[in-house]
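# Geometric and topological summary
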4 protein chains.
Amino acid sequence: MKKVGIIGGTGYTGGELARILCTHPDIEIVSMTSRQNTGKKVSDVHSYLDGYLDIEFSEKISREIDLAFVATPHGVAMKEVPSLLESGIKCIDLSGDYRLHDVKTYELWYGHEHTDVENLQDAVYGLPELFRDEIKGSDLVANPGCYATATILACAPLVNAGVANDDIFVDAKSGTSGAGMVPTVRTHHSYCGESIIPYSVGTHRHTPEIEMVLNKFTGKSPDVLFVPNLVPIVRGILSSCYFTLKEPMSPEEVTAIYKKQYDGERFVHVTSDASISSVVASNHAQVSVSTIGNKVIAFGAIDNLVKGASGQAIQCMNLMLGLNETAGLNAPGLGV
Amino acid sequence: MKKVGIIGGTGYTGGELARILCTHPDIEIVSMTSRQNTGKKVSDVHSYLDGYLDIEFSEKISREIDLAFVATPHGVAMKEVPSLLESGIKCIDLSGDYRLHDVKTYELWYGHEHTDVENLQDAVYGLPELFRDEIKGSDLVANPGCYATATILACAPLVNAGVANDDIFVDAKSGTSGAGMVPTVRTHHSYCGESIIPYSVGTHRHTPEIEMVLNKFTGKSPDVLFVPNLVPIVRGILSSCYFTLKEPMSPEEVTAIYKKQYDGERFVHVTSDASISSVVASNHAQVSVSTIGNKVIAFGAIDNLVKGASGQAIQCMNLMLGLNETAGLNAPGLGV
Amino acid sequence: MKKVGIIGGTGYTGGELARILCTHPDIEIVSMTSRQNTGKKVSDVHSYLDGYLDIEFSEKISREIDLAFVATPHGVAMKEVPSLLESGIKCIDLSGDYRLHDVKTYELWYGHEHTDVENLQDAVYGLPELFRDEIKGSDLVANPGCYATATILACAPLVNAGVANDDIFVDAKSGTSGAGMVPTVRTHHSYCGESIIPYSVGTHRHTPEIEMVLNKFTGKSPDVLFVPNLVPIVRGILSSCYFTLKEPMSPEEVTAIYKKQYDGERFVHVTSDASISSVVASNHAQVSVSTIGNKVIAFGAIDNLVKGASGQAIQCMNLMLGLNETAGLNAPGLGV
Amino acid sequence: MKKVGIIGGTGYTGGELARILCTHPDIEIVSMTSRQNTGKKVSDVHSYLDGYLDIEFSEKISREIDLAFVATPHGVAMKEVPSLLESGIKCIDLSGDYRLHDVKTYELWYGHEHTDVENLQDAVYGLPELFRDEIKGSDLVANPGCYATATILACAPLVNAGVANDDIFVDAKSGTSGAGMVPTVRTHHSYCGESIIPYSVGTHRHTPEIEMVLNKFTGKSPDVLFVPNLVPIVRGILSSCYFTLKEPMSPEEVTAIYKKQYDGERFVHVTSDASISSVVASNHAQVSVSTIGNKVIAFGAIDNLVKGASGQAIQCMNLMLGLNETAGLNAPGLGV
């Protein structure tokens with residue numbers, strides 16, 4: 001059994017890590033931190049863990065662990081990671097701190113200095129379907145953003161194939177759990193419960209993340225207008241990505257590009273209709289693509305807390321620790 | 001045209017007062033206060049009022065008004081009301097400050113001292129279907145609570161008829177707008193969006209309010225267990241009230257009691273199936289009643305922000321100012 | 001008082017017409033038809049009309065009317081309209097039967113023959129903000145589709161100004177009431193309640209309608225990929241329209257185009273954030289526009305049953321009957 | 001590996017059985033029937049099973065199985081069960097056909113003749129927390145109704161202890177998936193999405209089921225008024241059960257009764273606040289109880305498709321086949 005710890009165990013991604021890991025066959029959670037809940041039983045705070053996890057929240061993370069999940073806000077993670085790595089503890093950061101390799105880009109979009117530039121260079125972007133080998137050998141993985149995961153999975157095949165023009169419009173819809181557990185005006189039920197709310201139009205931090213990754217395929221950055229929308233569901237993201245083709249292609253040709261890209265992948269399914277319901281509560285993603293004339297729309301559907309956060313982090317952990325990539329992640333989507 | 005002001009114009013009930021009053025044929029809103037939005041155009045804060053109301057939020061309420069709506073939190077209203085009354089301005093308080101005539105009961109349930117005991121004695125409970133004449137002659141009306149309105153309308157006929165036993169169970173379901181506009185854990189969408197959340201079981205402040213009013217019919221207090229539930233809708237309350245009968249009665253006899261009680265009322269409809277959808281966005285209430293053996297369930301359905309708050313306050317205002325009781329309130333429910 | 005009738009009074013748009021018209025100062029509803037509810041009181045079927053409308057559903061429409069609303073499915077309306085027009089009754093058709101002036105386009109997208117080609121030529125597209133004068137003089141108005149209304153209002157200024165390229169991507173989100181009152185798999189709550197469901201990708205019938213109208217501004221058809229999405233709200237459409245600019249423009253220049261287009265319009269508001277909540281239950285629309293580099297996103301928000309259907313039809317009726325354009329439509333949006 | 005079949009594999013409970021069983025360590029699904037989908041791949045119909053289950057729907061169930069789940073409508077199951085039992089195949093019926101031991105009661109509430117009275121006598125009510133030993137030895141288990149499960153779990157301790165009066169009011173709230181996959185008016189999103197809909201007041205078929213089971217503890221039937229409500233969530237039931245006590249008791253004494261009843265149970269948790277969110281997507285139930293004066297309210301929360309249907313059926317299967325009772329059911333609730 002490998003031992004892991006979770007820094008920031010009160011929030012949604014911390015709780016979701018514990019929910020999945022508590023039935024993982026090869027993992028023991030030995031330490032979870034929380035400032036506000038120090039000393040409380042984890043299962044008293046997260047009552048769904050009653051009978052599954054019998055530890056208390058601590059202030060500091062144990063050092064007797066093989067790997068630490070850092071589930072803290074942006075700006076906090078980069079203060080935790082260096083000493084963990086020095087102690088020989090592998091790290092998976094679920095915040096944005098290590099996602100953007102270019103420090104200037106980070107500082108521009110996140111609005112504060114990056115204090116761990118050294119490790120930033122070595123961090124691997126934790127999307128296993130694209131960067132599996134790098135993740136296996138890494139000590140520090142930057143877990144992708146939820147929107148970025150859905151969007152990149154939907155866009156990568158077409159960008160990789162080089163058949164689309166550079167302008168991409170991404171209209172992404174997310175359930176409210178993506179905003180975390182702290183109440184805000186935008187996630188107040190009577191504000192968002194019967195509305196569709198676009199926000200951070202053209203200014204969302206997942207924009208440079210998407211561009212950076214797609215850029216790896218093309219050598220030049222596609223020009224992405226990323227528009228996130230809050231929708232009144234709890235879990236799930238549907239990312240709708242609009243392209244124009246350089247040359248006419250048949251729908252079958254475009255679909256074949258997608259089938260080929262994800263052939264053999266356990267968690268990414270190319271379907272006729274990507275559906276949130278089919279993947280919710282699981283680490284699966286569904287991708288579908290429609291071609292109409294010279295235009296293409298590609299859809300990516302995930303559970304933002306699983307494939308969009310904690311599940312993908314565990315998938316990376318499995319790779320980093322030499323375990324079966326799908327261990328602990330064998331649940332299918334709920335369907336209903 | 002009568003002139004009115006709204007103290008506390010940023011919140012939901014303040015905004016809802018303005019929404020209804022801005023098309024009222026006999027009323028001009030001349031003043032709205034807001035601490036946080038002082039100096040801003042009201043229609044910049046409430047964009048649905050663009051083209052309807054061309055005033056700015058002020059810090060203090062104008063004294064050039066016939067009537068003031070006090071839409072502030074509990075404890076604040078009783079600091080505003082005395083000087084308004086002294087200035088000859090009629091008041092309708094939408095908070096709980098003047099609802100409970102017994103000062104000890106107030107202080108027990110609200111947890112602080114009542115600083116305006118004198119006016120408390122004279123305040124009239126603003127449920128026109130039960131206390132129309134008192135409201136007409138009053139300078140200070142305590143507008144009923146939202147849950148209390150739905151529950152009292154459903155219970156009053158049976159209690160008034162004296163045919164039910166004293167024990168009443170009330171299982172009330174409310175949309176989230178009843179909790180106001182300030183974000184909280186309970187109204188955070190990802191917390192409440194796919195759940196039904198009972199809260200304040202047996203301790204909700206509308207309990208003594210319901211008991212006080214029902215007591216007026218019986219001379220002795222019924223024993224109400226009031227259980228509110230937050231449900232993931234924005235507007236609407238359904239209050240389900242459970243009784244046992246003293247003596248067997250037919251369903252027709254029980255229904256007749258309800259029909260008689262509300263005969264001729266414009267806003268209260270005795271139907272076969274009380275429905276939130278049929279009254280939402282209107283000042284109407286629907287009441288229905290089912291009798292099964294010795295048990296009775298009575299349902300009351302309202303829009304919590306209209307008949308449960310601002311609409312009812314305007315209905316009271318109409319009575320206090322000698323206007324047509326239904327003026328400005330002629331919208332039917334949405335239905336869908 | 002003008003007299004009107006509603007053909008197809010059971011469905012959502014028929015009920016919504018009655019809901020709005022029953023408090024219209026200049027209109028009397030004298031006749032409503034329904035096959036399934038013939039002989040029943042309208043207010044027994046639509047209980048929100050109790051106290052507002054005291055007529056029964058009939059099988060045939062009265063001919064003693066000035067204007068008929070035809071709220072029947074596609075294909076039925078064109079069988080009703082000719083004889084009404086011959087009887088000197090003005091008609092507003094809420095179906096798609098008279099929207100597409102080109103009969104071949106109609107037959108291609110609707111899949112059946114058009115049996116009233118003669119009147120099709122004369123029908124006016126009922127979007128008052130664009131075709132006010134034509135509507136005033138018309139006997140037959142084709143009321144726009146809900147998605148088409150939101151989309152055209154968002155796109156028209158930019159297309160009209162000639163500053164955008166021809167490729168337009170429209171990602172539209174609609175509440176479920178847009179699908180009508182007949183239960184289907186897609187609108188089954190447990191299917192759609194926690195999901196975002198794109199459908200009819202590139203094949204939705206509002207596509208040619210949008211292209212036809214935008215074409216009037218440019219003389220050549222823009223190339224629209226229209227993707228509708230079902231979202232789990234009841235009322236409301238947000239249409240998100242993506243453009244690239246021909247030449248760089250500042251955000252202020254683009255916004256100015258929108259402000260100019262809708263200057264003086266009572267029902268269309270150019271705001272910073274188009275919001276469904278602010279227009280729901282009203283005939284208002286909000287439009288907002290963001291410019292990021294060479295890309296523009298324009299948003300249009302409406303209540304699909306009001307500005308997207310019955311409210312807009314009443315706005316047209318007012319124009320056709322020489323009444324005040326805003327009569328009966330004075331309700332602001334709910335806001336919450 | 002034990003082999004099982006599912007009769008009626010298209011519907012929600014059939015799909016949910018497959019979802020859970022496809023990762024069960026000791027079970028192989030060898031046969032699923034569907035009239036409408038005969039010949040199709042199961043994972044083409046239930047796309048969340050892609051990669052998990054590689055069989056096709058058949059018209060007839062295989063006889064090479066140890067146990068059959070009968071997930072057909074009421075009235076159909078009793079036509080399937082006799083021959084299965086004769087073939088030596090154990091059966092778990094998820095419909096209501098074998099729940100009510102008294103044939104007259106069955107025919108009264110279900111409105112048709114019972115054609116398998118013989119097996120009806122021997123069927124065991126499949127609520128393991130109350131009838132574990134009987135289930136272990138049974139060849140035919142009647143899987144409890146979803147509402148009945150939540151309600152009985154909440155009521156049994158108090159009824160069993162004999163401290164409450166006979167009159168019980170049950171106000172139960174269910175997500176829409178409990179109504180199955182066939183679209184209806186009541187589950188049409190625009191009808192139910194912003195409403196709370198009580199239905200079958202005093203006439204729901206789970207009423208006699210609840211009374212029958214509670215009766216086993218008391219020797220006399222409690223008098224239950226059962227009122228189900230449809231709420232706009234997809235999964236989950238909260239059953240709120242109202243009692244009066246025979247003699248005053250402290251909250252601690254009442255809670256102790258509950259703690260004692262469910263001591264050692266893996267799937268039933270006595271908590272301070274029973275929460276749908278904490279059990280959703282799992283076989284867990286949470287029960288909480290509040291005592292206010294002489295009144296008690298007990299809450300039961302479950303996922304209606306898991307502990308309220310397919311999960312509980314699998315729990316029964318484990319007992320009937322001599323497997324670990326919790327096998328395949330180790331997922332905690334989602335929490336969010």
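To start, this report covers the structure provided alongside it. (Residues numbered from 1 in each chain as written. Chains lettered and ligands numbered in written order. Predicted model: local features only at pLDDT ≥ 70, side-chain atom pairs only at ≥ 80, totals over all residues. Heavy atoms only, no water.)

## A word on the nonpolar core
All names here are of chain A. Which entries qualify depends on this criterion: Only buried Ala, Val, Leu, Ile, Met, Phe, Trp, Tyr and Cys residues count toward a nonpolar core, and they belong to the same one when joined by side-chain atoms within 4.5 Å. When a residue's accessible area, from a 1.4 Å probe over protein chains only, is under 20% of the maximum for its type it is buried; when over 50% it is exposed; and in between it is partly exposed. By the criteria applied, helices consist of DSSP H or I runs no shorter than four residues and strands consist of E runs no shorter than two, each listed in order from the N terminus. Contacts are assigned to residue pairs that have any heavy atoms within 4.5 Å of one another.
Of all hydrophobic cores here, the largest spans 104 residues; its most connected members are L21, F69, I92, F243 and M317. Among the elements that take part in this core, helix α7 (residues 146-161) stands out by supplying 11 residues, more than any other. When sequence neighbours within four positions are dropped, the list of residues in contact with L21 reads V4, I6, I27, I29, F69, I314 and M317.

## Description of the pairing of strand β13 (residues 285-292) of chain A
Within a regular strand, the side chains alternate between the two sheet faces. Residues and elements named next belong to chain A. To keep things clear, this is the line we draw: Two strands qualify as a pair provided DSSP detects at least 2 bridges between them.
Extensive coverage of β13 is indicated by the burial of six of its eight residues. Direction of pairing for strand β12 (residues 268-270) relative to β13: parallel, over a ladder of three bridges. Bridging from a neighbouring strand, V268 pairs with A285 of β13. One ladder, built from eight bridges, connects β13 with strand β14 (residues 295-302); its direction is antiparallel. Its bridge partner being in β14, Q286 is matched across the sheet by A301. Between the antiparallel neighbours β13 and β14 lie two residues, among them G293 with a positive phi of about 60 degrees.

## Looking at unusual backbone geometry
Not every positive phi belongs to a glycine, and A:S200 is a case in point at roughly 45 degrees. Mapped onto the elements, A:S200 comes out in the loop between β9 (197-198) and α9 (206-218). Taking the relative accessible area as the measure of exposure, A:S200 reaches 28% and is therefore partly exposed. Phi is positive for C:A281, close to 70 degrees, though the residue is something other than glycine. Along the chain, C:A281 turns up in the loop between α11 (276-279) and β13 (285-292). The exposure class of C:A281 is buried, given its relative accessible area of 10%.

## Quick notes on the relation of the copies chain D and chain B
Rule in force here: In superposing the copies, a least-squares fit is computed on C-alpha atoms, taking residues whose pLDDT is at least 70 in both.
For the match of chain D to chain B, the screw axis carries a shift of 0.0 Å, the RMSD comes to 0.0 Å, and the turn is 180 degrees. What we have between these two chains is a two-fold relation. The share of interface residues of chain D whose copies in chain B are also at the interface is 100%, consistent with both copies meeting through the same surface.

## Examining the packing of helix α7 (residues 146-161) of chain D against helix α10 (residues 251-261) of chain D
Residues and elements named next belong to chain D. Which entries qualify depends on this criterion: With axes taken as lines fitted to C-alpha atoms, and helix axes fitted only over the stretch in contact, angles between N-to-C directions fall between 0 and 180 degrees. We call two directions roughly parallel when the angle between them is under 35 degrees, roughly antiparallel when it is over 145, roughly perpendicular when it lies between 65 and 115, and oblique otherwise. Polar here means any residue outside two lists: the nonpolar Ala, Val, Leu, Ile, Met, Phe, Trp, Tyr, Cys and Pro, and the charged Asp, Glu, Lys and Arg; Gly therefore counts as polar.
At a closest axis distance of 9 Å, the pairing of α7 and α10 adopts a crossing angle of 110 degrees. When the axis of α7 is compared with that of α10, the two are roughly perpendicular. Taken together, the residues of α10 that come into contact with α7 (itself represented by L153, A154, C155, A156, P157, L158, N160 and A161) are V254, I257, Y258 and Q261. Grouping the amino acids of the contact of α7 with α10 by side-chain chemistry returns 10 nonpolar, two polar and no charged.

## Let's talk about the pattern of salt bridges
Residues and elements named next belong to chain A. Rules: By definition, a salt bridge exists where a carboxyl oxygen of Asp or Glu is found within 4 Å of a side-chain nitrogen of Lys or Arg.
If you walk through the whole model with that rule in mind, you get 52 salt bridges over all chains. Between E16 and R19 there is a salt bridge, with its nearest N and O atoms 2.8 Å apart. Residue E16 and its partner R19 are located together in helix α1 (residues 12-21), separated by three residues, close to a single helical turn. Note on accessibility: E16 and R19 belong to one class, buried. Three or more residues are tied together by salt bridges with common partners; here these are E16, R19, R235 and D303.

## Description of the sheet that holds strand β7 (residues 140-142) of chain A
Residues and elements named next belong to chain A. Across the sheet, which stays open at both edges, the seven strands sit in the order β3-β2-β1-β4-β5-β7-β6 with parallel pairing between neighbours. On the outer flanks of this sheet lie β3 (57-58) and β6 (124-125), each paired with one strand and no other. By the bridge criterion, three bridges tie strand β5 (residues 90-93) to β7 in an arrangement that is parallel. Residue pairing for β7: D93 is matched across the bridge by A142. Helix α3 (residues 77-86) contacts β1 (2-7), β4 (67-70), β5 and β7 of the sheet and is inclined by roughly 175 degrees relative to β4.

So, to be careful, I would describe these as geometric facts and stop short of saying anything about function.
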